[in-house]
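One-letter residues, chain by chain:
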Amino acid sequence: MCGIVGYVGPRNAADVLLDGLRRLEYRGYDSAGLAVRGTEGVQVVKELGKVADLARVVQERQMSGNLGVGHTRWATHGGVTEVNAHPHCDHCGRFALVHNGIVENYLDLREDLENRGVAFVSQTDSEVVVQLLAQIHQGDMLTTLVDLQKRLRGSFALVILCHDDPDGFYCVRRGSPLVLGVNDQEGLCASDVPALLPYTREVLYLEEGEIAEIRRGSARIWDQEGHPVDRKPVQVDWDVAMAEKDGFPHYMAKEIHEQGAVLRSTLKGRLTEQGVDLSEELDWSGEFVRSLKQVHLVACGTSYYAALVAERVLEQWTDLDVRVDIASEYRYRQVRVTPQTLAVFVSQSGETADTLAAQRKVRSLGARCLAVTNVRGATLAREVHDRLLLKAGPEIGVAATKTFMGQMATLYLLALKLGWDRGTLNPAEAERLAAALIQLPYQVERTLEREEQVRRVAEKYSKYDNFLYLGRGISFPVALEGALKLKEISYVHAEAYAAGEMKHGPIALLEPDVPVMTVMPRDSLYEKSLSNLQEAKARRSPLVAVATDGDDLVTRHVDDVLRIPWSDEVFSPFLSVIPLQQFAYHVARFRGREIDQPRNLAKSVTVE
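Residues numbered from 1 in each chain as written. Predicted model: local features only at pLDDT ≥ 70, side-chain atom pairs only at ≥ 80, totals over all residues. Heavy atoms only, no water.

## Remarks on the overall build of the protein
Counting its regular elements, the protein contains 18 helices and 27 strands. For the protein, the C-alpha radius of gyration of 25 Å lies close to 25 Å, the compact-globule estimate for 608 residues. Projected onto its principal axes, the C-alpha positions of the protein cover 75 × 55 × 45 Å. Surface summary for the protein: the accessible area is close to 23,000 Å², and the carbon and sulfur share equals 45%. Side chains of the protein give 70 positive and 84 negative charges; the mean places of these two sets differ by 2 Å. (Helix = DSSP H or I, 4+ residues; strand = E, 2+ residues; numbered from the N terminus. Rg over C-alpha atoms; globule rule 2.2 N^0.38 Å. Areas by Shrake-Rupley, 256 points an atom, 1.4 Å probe, with all protein chains shown as cover. Lys, Arg positive; Asp, Glu negative; His and termini not counted. Charge placed at Lys NZ, Arg CZ, Asp CG, Glu CD.)

## Some points on the sheet that holds strand E2 (residues 31-38)
In spatial order, the strands read E3-E2-E4-E1-E10-E9-E11-E15; together these 8 strands make up an open sheet with antiparallel pairing. Two strands bound the open sheet, and with one partner strand each, they are strand E3 (41-48) and strand E15 (234-235). Pairing geometry for strand E1 (residues 3-8) and strand E4 (residues 67-73), over 6 bridges, is antiparallel. When the bridges of E4 are listed, valine 5 appears paired with glycine 70. The sheet contacts of helix H1 (residues 13-23) involve E1, E2, E4 and strand E10 (187-190), and relative to E2 the element is tilted by about 155°. (Pairing = 2+ DSSP bridges. Contact = heavy atoms within 4.5 Å. Axes fitted to C-alpha atoms, helices over the stretch in contact; angles between N-to-C directions.)

## Remarks on the environment of glutamate 82
By the secondary structure assignment, glutamate 82 is in the loop between E4 and strand E5 (88-89). Remark: the alpha-carbon pair of glutamate 82 and glutamate 47, spanning 35 residues in sequence, is separated by 6.0 Å. In this structure, glutamate 82 is in contact with Lys46 and Leu48, ignoring residues within four places of it in sequence.

## Side note on the confidence of the model for the protein
With 98% of its residues at a pLDDT of 70 or more, the protein shows a mean pLDDT of 92. No element of the protein has a lower mean pLDDT than helix H17 (residues 526-538), which averages 81, and none a higher one than strand E18 (residues 294-299), which averages 98. (pLDDT = per-residue confidence, 0-100.)

## Some details on the side chain of arginine 173
Tracing the sequence through the fold places arginine 173 in strand E8 (residues 168-174). Since its relative accessible area comes to 1%, arginine 173 is described here as buried. In this structure arginine 173 touches Gln149, Phe156, Ala157, Leu178, Leu206, Glu207, Glu208, Gly209, Glu210, Glu351, Thr379 and Arg382, once residues within four positions along its chain are discounted. (Buried < 20%, exposed > 50% of the residue type's maximum accessible area, 1.4 Å probe, protein only.)

## Concerning empty space enclosed by the protein
Per the stated rule, a full pass over the model turns up 3 cavities of 30 Å³ or more. Here the largest cavity is characterised by a volume of approximately 220 Å³. Forming the boundary of the largest cavity are 25 residues, of which Ser191, Asp192, Ser349, Glu351 and Val375 lie nearest the centre. For the lining of the largest cavity, the per-class residue count stands at 11 nonpolar, 7 polar and 7 charged. The computed volume of the second largest cavity comes to approximately 70 Å³. For the second largest cavity, the lining is made up of 12 residues, of which Cys2, Arg73, Thr76, His86 and Ser126 are closest to its centre. Elements with a minimum of two residues in the lining of the second largest cavity: strand E6 (95-103) and helix H4 (125-136). (1 Å grid on protein atoms, 1.4 Å probe; cavity = no way out; pocket = protein on both sides within 12 Å on 5 of 7 lines; lining within 4 Å. Points joined across faces, edges and corners; volume = space filled by probe spheres on them. Nonpolar A, V, L, I, M, F, W, Y, C, P; charged D, E, K, R; others polar.)

## Some points on unusual backbone geometry
Residue proline 87 follows histidine 86 across a cis peptide bond; omega there is 5°. Within the secondary structure, proline 87 sits in the loop between E4 and E5. Positive phi is not limited to glycine here, since tyrosine 491 has a value of about 65°. Its identity is not glycine, yet arginine 540 carries a phi of approximately 65°, on the positive side. For arginine 540, the location among the structural elements is in the loop between H17 and strand E26 (543-548). Exposure remark for arginine 540: the relative accessible area of 62% places this residue in the exposed category.

## Details of the sheet that holds strand E23 (residues 466-471)
Neighbouring strands of a sheet are bound in pairs by backbone hydrogen bonds; such pairs are parallel or else antiparallel. Taking strand neighbours across the sheet as the criterion, the 5 strands line up as E24-E23-E25-E26-E27 in an open arrangement whose pairing is parallel. Every interior strand has two partners, whereas the edge strands, strand E24 (493-498) and strand E27 (560-564), have only one. On average, each strand axis in the sheet is inclined to that of its neighbour by 20°, with strand direction left out of account. Inspection of the sheet shows strand E25 (residues 516-519) paired to E26 by 4 bridges, in the parallel sense. Of the residues in E26, the one forming a bridge with threonine 518 is alanine 545. With respect to the sheet, helix H16 (residues 476-490) is in contact with E23, E24 and E25, its orientation differing from that of E24 by roughly 175°.

## Focus: the pairing of strand E9 (residues 179-182)
Judged from the 4 bridges that link them, E9 and E10 form a sheet pairing that is antiparallel. Note on E10: the bridge partner recorded for leucine 180 is cysteine 189. Adjacent in sequence and paired antiparallel, E9 and E10 are bridged by 4 residues. Sheet analysis places E9 next to strand E11 (residues 202-205), joined by 3 bridges and oriented antiparallel. Following the sheet pairing, glycine 181 is matched in E11 by valine 203.

## Some thoughts on the nonpolar core
One broad trend across soluble globular proteins is that nonpolar side chains are buried collectively. Counting residues in hydrophobic clusters, the biggest one holds 93 residues, and the most contacted among them are Leu297, Trp317, Val344, Leu418, Tyr469 and Phe583. The element that contributes the greatest number of residues to this core is helix H13 (residues 402-422), accounting for 11 residues. Tryptophan 317 has contacts with Tyr412, Ala415, Leu416, Gly419, Thr424, Leu425, Leu433, Val570 and Phe571, leaving out every residue within four places of it along the chain. Core analysis: the second largest hydrophobic core is formed by 38 residues, Val16, Val179, Tyr199 and Tyr251 among them. (Core = buried A, V, L, I, M, F, W, Y, C linked by side-chain atoms within 4.5 Å.)

## Re the state of the cysteines
Inspection of every chain in the model, using the stated rule, returns 0 disulfides. Summary of cysteine pairing: cysteine 89 is not part of a disulfide, and the nearest cysteine sulfur, belonging to cysteine 92, is at 11 Å. (Disulfide = S-S within 2.5 Å.)

## Focus: H4
Between its first and last C-alpha atoms H4 spans 17 Å; for 12 residues at 1.5 Å apiece the expected length is 16 Å, and the two agree. Within H4, 11 of the 12 residues are buried, which leaves the element mostly enclosed by the surrounding structure. At its buried positions, H4 is contacted by E5, E6, helix H3 (106-115), helix H5 (141-151) and strand E7 (154-162). (Expected span 1.5 Å × (residues − 1).)

## What to know about the pairing of E1
For E1, the tally of buried residues reaches 6 of 6 residues, placing the bulk of the element in the interior. Alternating positions in E1 separate into two faces, Gly3, Val5 and Tyr7 on one and Ile4, Gly6 and Val8 on the other, with burial throughout. Alignment of E1 against E10, held across 4 bridges, turns out to be antiparallel. Among the inter-strand pairings, valine 5 is bridged to a residue of E10, identified as alanine 190.

## As for the packing of aromatic side chains
Within this structure, the stated rule accounts for 10 aromatic pairs. The interplanar angle of 90° and the centroid separation of 5.8 Å between the aromatic rings of tryptophan 317 and tyrosine 412 together place this pair among those described as edge-to-face. Of this pair, tryptophan 317 sits in helix H9 (residues 301-317) while tyrosine 412 sits in helix H13; the two residues are 95 residues apart in sequence, bridging distant segments of the chain. An aromatic cluster is built from Tyr461, Tyr464, Phe467, Tyr469 and Phe583, whose rings are joined through pairwise contacts. Cation over ring: arginine 110 sits above phenylalanine 120, and NZ or CZ is 4.3 Å from the ring centre. (Phe/Tyr/Trp six-rings, centres within 6.5 Å; stacked < 30°, edge-to-face > 60°. Lys NZ or Arg CZ within 6 Å of the ring centre and 35° of its normal.)

This is the structure we're talking about:
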C-alpha cells in the first residue's frame, strides 16, 4: 500500500519525485524518502511523517541530480522509524531500493544472509531484498533480477538504483501495481497513474512477473524468465486537473461534490430512455446471458457495500441466484462455481490483493469473471474476461465517496441488462427504470446543495464518541457505508446494523450518550423503521434520520432530520448516502482530523 516513484530525465529528480509522492500520499504517509543520484553519487534522505516533512529536509540539503527513486510508506514490517523508512541500501552501498508489498519468506532469507555476515540496520522485509540483490549480483542486472524474483515469495513492486548505472533504473513487479511512463526526454514509474499525469498520459502497465529498465525516453520490458516483451502504451483519459483539489479544502469534499458528474459519466453512452446498451463493453450473446444461473458479487470495504446494494437490485430485476461475499473470506471458502456463474469483482483500484486472489481462484474453477473498477489498466481489469469501468476519474481521498456512487450506477446498469436480456423485466418497466436513472444526477445535485443543513447537525453531534446506524432493506448497506465513513475519517466508533437486529443485542448500548442515525426514506419498510426509532427513543438516545422531503411524521419522533428528495425506493441509496458522507466529513472537521489521509489507512490495500 506504499507509494513508489522513479524518474530519469533533464529535470531535478528530487522535485519530480516529491511531486509524485504528494500525488500518491493516499497510499501511505507514515514516512517518506528519496534516493537521488548526483555528481557525488547516490544521496539518500528519509523523514518520519508526511511528504511535506521530507520536502523541508530535501530543500535544506539542496539535493540535485537527474535520476532518483522515492517512497511514501504504509508500515507493514517494522515500526514507523527513520531506519525502517525507504529507500533501503545494501551494506556496500551499490544499490538503493524502494518496495511496495510484502515478502513472505523474508525471515528465512534474512537468517541466511546474517549467517553470511550481512549486517542489517532495519526490521523491514525490504532491506532483506536489497541485501539479497547485492549478494547475487554478478554484473548483469537482467540476469540478477530474474534470479531475485525466483528467490522471493509474496507481493512486491521494486524500483532499484544501481550505483554502476548512472543513466537509468530498474523495476520488478509481482502482485503489487507498477505503471511506467515515457516521453521524448524522460522515463518514469509509479504505483499509480496520478503521479505520471504531469509528464505523460501514455502509460505502460507492468504485468505479473515482469522486469523493466527505464531510461530517458525509453522503457524495455522482459518477462520473469528474461524474454523481451513488446508492450504498447495505453492512453489515460484522466488529466492533471482531475487530481487537484480545485479550491476545495479537502479532496474528499471535492469528490463528494463531483458525484452528480460521476453519475453522468458512468451512464453516458450506456443508457437511453429506451434501456441499457453495454454492447461495446460486454461481448455477450443473448444465449450466454440466458444460460447464467448464479451471480457472485465479491468485494472489500466500501465496494462490498455497493455490492450489497446491487444484490437487492439483482434479486428484484432478475431471476438469478445472487450472493455477496467479502473477498478476504470468499477466497478461502469452498465456493462452487460453474460456467453458468457470473463472478463480479468490485474494486475501485483494481489492485486489491484479496479481490485479485478471489478472482484468480474462481476463474480457474470455470466461472465467467467481470471486473467493475475505476482504472482501465488495473491488474483486475486485465485478468478478467470482461470489465465495466466506473469512469469516475481519479479519487485521491482515502475514504471512498464518488467511486461508491459510480460502483452502484455501474452495477445497476448490469442488473438492467441482465433483467432485460433474460426477460425478467418487461419493456415498459425497463424504460421506466432507465428514465429514472437518467434523472438521478439532477437529484444527486439537489441533495448536495443541502450541505449547510448537514453541517449544522454534524456540529451538534461532533462531541459524541459512539453512534449506532440503522437501515432496512436497500437502506441497510447505506447505513453500513455511513458508519464506515464516520469511523474512517473522524475516528468515532460507529456500528451499523439491520434495523430489525437492534433488539438482538445492539439495543443494550443505547443511552443518552449514544446517538442513533437511521436511514429511512419513505419506502415499503418505512413503518418498520419508525418502530425501531420508537424503541431507541424509549432508551433516551438522541435520534437523527435521513428522510424524504415531505415526511412530516418522522419529525415527531427524531431530534434532527437530514432531508433527501423523493425517489423510487430502488434508487434511494444514491441520495441517502450523500448526507451520511457529508455528516462524516463535517464531524471530522469539527474534531480536527486529517480527513484525506486518516491514520492507519491507505487507499488501496495491495497486501493481504
